[in-house]
Amino acid sequence: MYIESKMNQFEITLRNPDRVLTVAFGEATPEQELSCRHLAAAEWSMPLSKEDYVEQEKYLSQKPLVSNRGWRLWCLSLLDHPSEVLATCKTIPRELLIRDVSVVGRAKAYCIASVVTHPQYRGLGLASRLLEYVSAWLDGPGDAVVSVLYTSIGDFYERRGWAKLPAIQSTLSWPADFSSMKDGARLPVTNPILSTELLELCKQDVRDVEYYFEKLSVQPDEFHVSVLPTADLISWLHGRSDFIGNRIEGAPPRSHGSICGAADSWLYWYHDFRKQQLAIQRIRIPQGPSQVHREALAAMLVDAVEEACRWKLNKVILWEPNAEVLGAMQILQGKFNIKSETLARHNKSVPSLRWHMGGVKRTTFHFNEFYTWS
Ligand SMILES: CC(C)(COP(=O)(O)OP(=O)(O)OC[C@H]1O[C@@H](n2cnc3c(N)ncnc32)[C@H](O)[C@@H]1OP(=O)(O)O)[C@@H](O)C(=O)NCCC(=O)NCCS
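Residues numbered from 1 in each chain as written. Predicted model: local features only at pLDDT ≥ 70, side-chain atom pairs only at ≥ 80, totals over all residues. Heavy atoms only, no water.

**Student:** Help me understand the site of the ligand, please; the structure alone is not making it clear to me.
**Tutor:** Around the ligand lies a shell of 19 residues, among which Val-115, Gly-123, Gly-125, Ser-128 and Arg-159 are the nearest. One of the backbone nitrogen or oxygen atoms of Leu-124 is found 3.3 Å away from an oxygen atom of the ligand. Relative to its free-state accessible area of 890 Å², the ligand is covered by the protein chains to the extent of 66%. Counting only elements with at least two residues in the shell around the ligand, the list comes to helix H1 (30–44), strand S5 (104–117) and helix H3 (126–139). A breakdown of the residues in the shell around the ligand according to their chemical character gives 10 nonpolar, five polar and four charged. (Near = heavy atom within 4 Å. Polar contact = N/O pair within 3.5 Å; in protein donor to acceptor, adjacent residues only side chain to side chain. Areas by Shrake-Rupley, 256 points an atom, 1.4 Å probe, with all protein chains shown as cover. Helix = DSSP H or I, 4+ residues; strand = E, 2+ residues; numbered from the N terminus. Nonpolar A, V, L, I, M, F, W, Y, C, P; charged D, E, K, R; others polar.)

The structure is reproduced here in structure tokens:
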């Protein structure tokens, strides 16, 4: 457990009534974990009850991505009453690929998530102090080359060292009487991805990302970065939608993606019950422009829309659409009256990145799709 030094304590002054509290930073003890989860539940439990949200967090803590202490809960608590948590966040591991002018290599990274301060203690600098302490851990024992987070609160994190990255989102919507009638549309055949296929597909995808990085042409001061789409990471969000599906509908989603074998293409999706949307986590199509891949992509996106309808989700979203995706969306408009809108994301889940020790580097973030989010 990373804690317990005077360096990790500070005082805050409250008004009405005037009192000074000593606050301690550390990794949550089992008792504090529960308080942290209740604090997060008050913000993000929907559509679950707060109790179910706490259960969900316990369930997720056993998933391969984070088991064996991969997921750490951090907190600020009262020194005299450690069970009283004032602010919390968590760090979740990510595997990163980095390319500079000479080498491609894997590196350790973390996603910071669920930053929250108890409503009674907001505006006192607690979240700022928490992030300072967590940064010190990331730069020290955490051995993180990079940390990422997703801001929905404007420039708050940018002022604390996490630089915002470009963020583009496409949103698909369809008429109320939508029925795909895909059979008559002459699109390639697709199938649901089985959970037993996921490991192999992810391995292939990771190999392709590595190959793509090998081939990049890189200037001496440039850094290219990507979060690797490993099976542990992709299936992590599936675990969350399975848990919520079970609680709200009595069964988990049957499918987490679609594959078109003939075009060697596939995509994964995440049932985002909280935001009432189906998020495309990752699209994998072979490199280079091709009408076949575009049509395969259109067919898989129709599957996504059908899946969204099945679960009464209002829209399908995807991040970082490339030319092939934009081409596929034109097919969707023409054949199925599925509309799409592509816009910069300024206020919601904007990816933000901090290098080790707050270093400044000329960085290009590749494959910045939804799978990188937590
Ligand atoms: C955001 C939050 C964690 C800030 O905690 P805090 O302990 O009050 O933060 P601090 O006192 O250290 O800093 C206050 C800063 O938060 C900013 N802030 C708080 N809520 C904000 C919001 N909804 N949008 C934008 N900025 C916000 C303030 O403008 C201030 O910024 P500045 O100091 O750079 O001017 C807290 O308001 C909270 O728990 N909100 C609900 C959960 C949430 O939205 N978490 C962030 C998810 S990305």
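Read on for the rest.
**Student:** Is there a simple way to explain the domain arrangement of the protein in this structure?
**Tutor:** Interfaces are often sized by the amount of accessible area the parts lose when they come together. Segmentation of the protein into domains returns domain 1 (6–149) and domain 2 (168–344). In this complex, domain 1 contributes 26 residues to the contact, which on the side of domain 2 involves 29 residues. Buried surface at the junction of domain 1 and domain 2, both sides included, amounts to about 2,600 Å², of which 69% is carbon and sulfur. Summed over the three residues of domain 1 that lose the most area to domain 2, namely Leu-65, Leu-97 and Arg-99, the buried surface amounts to 26% of that side. Between the two partners, domain 1 and domain 2, sit two salt bridges. A salt bridge links Asp-52 to Arg-247; the nearest nitrogen and oxygen atoms lie 2.8 Å apart. Inspection of the domain 1/domain 2 interface yields eight residue pairs in polar contact (both at pLDDT 80 or more). Listing elements by their share of the side of domain 1 that touches domain 2, those giving two or more residues are H1, helix H2 (50–60), strand S4 (85–99) and S5. Looking at the side of domain 1 that touches domain 2, its residues break down into 16 nonpolar, one polar and nine charged. (Domains from an automatic or database assignment. Contact = heavy atoms within 4.5 Å. Buried area = accessible area lost by both parts, 1.4 Å probe. Salt bridge = Lys/Arg side-chain N within 4 Å of Asp/Glu carboxyl O.)

**Student:** For this particular structure, what's the right way to read the packing of aromatic side chains?
**Tutor:** We describe a pair of aromatic rings using the distance from one ring centre to the other and the angle between the two ring planes. On inspection of all chains with the given rule, the structure shows 17 aromatic pairs. Judged by centre distance (6.2 Å) and plane angle (55°), the ring pair of Tyr-212 and Phe-213 falls under tilted. Here Tyr-212 falls in the partly exposed class, since its relative accessible area comes to 26%. Aromatic side chains Phe-370 and Trp-373 sit 5.1 Å apart centroid to centroid with 35° between the ring planes, which places their arrangement in the tilted category. Side by side, Phe-370 and Trp-373 carry an identical accessibility label, which is buried. Here the aromatic residues Phe-10, Phe-25, Trp-74, Tyr-110, Tyr-133 and Trp-137 are joined through ring pairs into a cluster of three or more. Residue placement shows Arg-354 over the ring face of Trp-162; its charged tip is 5.7 Å from the ring centre. (Phe/Tyr/Trp six-rings, centres within 6.5 Å; stacked < 30°, edge-to-face > 60°. Buried < 20%, exposed > 50% of the residue type's maximum accessible area, 1.4 Å probe, protein only. Lys NZ or Arg CZ within 6 Å of the ring centre and 35° of its normal.)

**Student:** Would you explain the state of the cysteines in this entry?
**Tutor:** Here is the idea: a disulfide is a covalent bond, and it sits between the sulfur atoms of two cysteines. If you walk through the whole model with that rule in mind, you get zero disulfides. Between Cys-111, a cysteine without a disulfide, and Cys-89, which holds the nearest cysteine sulfur, the sulfur-to-sulfur distance is 10 Å. Judged by relative accessible area, which is 1%, Cys-111 ranks as buried. (Disulfide = S-S within 2.5 Å.)

**Student:** Teacher, can you tell me more about the side chain of Ser-128 here?
**Tutor:** Examined against the element boundaries, Ser-128 turns out to sit in helix H3. Of note is the side chain of Ser-128, whose polar atom sits 2.9 Å from the side chain of Arg-160. In contact with Ser-128, other than residues within four places in its own chain, are Phe-156 and Arg-160.

**Student:** Where do I start with the packing of helix H4 (residues 195–215) against helix H5 (residues 231–249) in this structure?
**Tutor:** For any two helices packed against each other, one specifies the inter-axial angle together with the distance between the axes. Contact pair H4 / H5: the axes reach a minimum separation of 9 Å and the direction vectors enclose 135°. Relative to H5, the element H4 lies oblique. Between H4 and H5, the residues in contact are Leu-198, Leu-199 and Cys-202 and Ala-231, Ile-234, Ser-235 and His-238, respectively. Of the residues contributing to the contact of H4 with H5, the split by class is five nonpolar, two polar and no charged. (Axes fitted to C-alpha atoms, helices over the stretch in contact; angles between N-to-C directions. Parallel < 35°, antiparallel > 145°, perpendicular 65-115°, else oblique.)

**Student:** What should I look at first to understand the packing of H1 against H2 in this one?
**Tutor:** Where H1 contacts H2, the two axes come as close as 9 Å, and the packing angle between them is 125°. With respect to their mutual orientation, H1 and H2 come out oblique. The handedness of the crossing between H1 and H2 is right-handed. Here H1 contributes Leu-34, Arg-37, His-38, Ala-40, Ala-41, Ala-42 and Trp-44 to the contact with H2, which in turn contributes Lys-50, Tyr-53, Val-54, Glu-57 and Lys-58. Here the residues of the contact of H1 with H2 are counted per class, giving seven nonpolar, one polar and four charged. (Left-handed = near helix turned anticlockwise from the far one by under 90°.)

**Student:** Just to check I follow, could you spell out the nonpolar core for this structure?
**Tutor:** Soluble globular proteins tend to bury their nonpolar side chains together. Core analysis: the largest hydrophobic core is formed by 55 residues, its most contacted members being Leu-96, Trp-236, Tyr-268 and Phe-370. Broken down by element, this core gets its largest block of residues, six residues, from H4. Both domain 1 (6–149) and domain 2 (168–344) contribute no fewer than three residues apiece to this core. Apart from the residues lying within four places of it in its own chain, the contact partners of Leu-96 are Gly-105, Arg-106, Ala-107, Ala-109, Val-146, Val-225, Ser-226, Val-227 and Leu-228. One finds Leu-267, Ala-328, Met-329 and Ile-331 within the second-largest nonpolar core, a separate group that totals 38 residues. (Core = buried A, V, L, I, M, F, W, Y, C linked by side-chain atoms within 4.5 Å.)

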